[in-house]
Amino acid sequence: MRDWLYRSGDLFLPRKYVDYLDTYIVGDSKSLFYVNYWTILHVLSGVTGSFFLSLEVFHALHFIWEMWQIFIGMTPISVRGFIDLFVDTFAAHLGYLSAQYRDWETDRKSVV
């Protein structure tokens, strides 16, 4: 049961995909700050979420997801865990807002 809960934190992805997503782009396992392919996935989730969810709902779902990962022990309660949470949240919101930029440009051009 404990393994099932823990695996829910990575959406039950096969181990080979999780290992790939855990690959570091910046930093390493000893760095406080790092970027890995999970970060890219957070950006993409933000872009996708912007098409279907309001910003408030997206915030709420992202917050619940990150808290779930802390609850099941996937994200440690430490400085590194806090930085991971911050980077994941920043990446998701960067994706959401960058996808919304298309609407800002359209709105701006329609006024002129």
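Above: the structure in question.
Residues numbered from 1 in each chain as written. Predicted model: local features only at pLDDT ≥ 70, side-chain atom pairs only at ≥ 80, totals over all residues. Heavy atoms only, no water.

Chemist: Please set out the environment of Gln69 residue by residue, giving values where relevant.
Modeler: Locating Gln69 in the fold gives a position in helix H4 (residues 55-71). Spatially, the C-alpha atom of Gln69 lies 10.0 Å from that of Arg7, the residues being 62 residues apart in sequence. Here Gln69 is in contact with Gly9, Met74 and Thr75, once residues within four sequence places are set aside. (Helix = DSSP H or I, 4+ residues; strand = E, 2+ residues; numbered from the N terminus. Contact = heavy atoms within 4.5 Å.)

Chemist: So, empty space enclosed by the protein: which residues are in play, and what are the values?
Modeler: A full pass over the atoms with the stated rule returns one cavity of 30 Å³ or more. If you go around the largest cavity, the residues you meet are Leu32, Tyr34, Thr39, Ile83, Asp84, Val87 and Asp88. Residue contributions to the lining of the largest cavity peak at four residues, all from helix H5 (residues 79-111). Grouping the constituent residues of the lining of the largest cavity by class yields four nonpolar, one polar and two charged. (1 Å grid on protein atoms, 1.4 Å probe; cavity = no way out; pocket = protein on both sides within 12 Å on 5 of 7 lines; lining within 4 Å. Points joined across faces, edges and corners; volume = space filled by probe spheres on them. Nonpolar A, V, L, I, M, F, W, Y, C, P; charged D, E, K, R; others polar.)

Chemist: Please provide a residue-by-residue account of the environment of Thr23, values included.
Modeler: Take Thr23: it is sitting in the loop between helix H2 (15-21) and strand S1 (24-26). Given the relative accessible area of 35%, Thr23 is considered partly exposed. Ignoring anything within four residues of it in the chain, the contact list for Thr23 reads Asn36 and Tyr37. (Buried < 20%, exposed > 50% of the residue type's maximum accessible area, 1.4 Å probe, protein only.)

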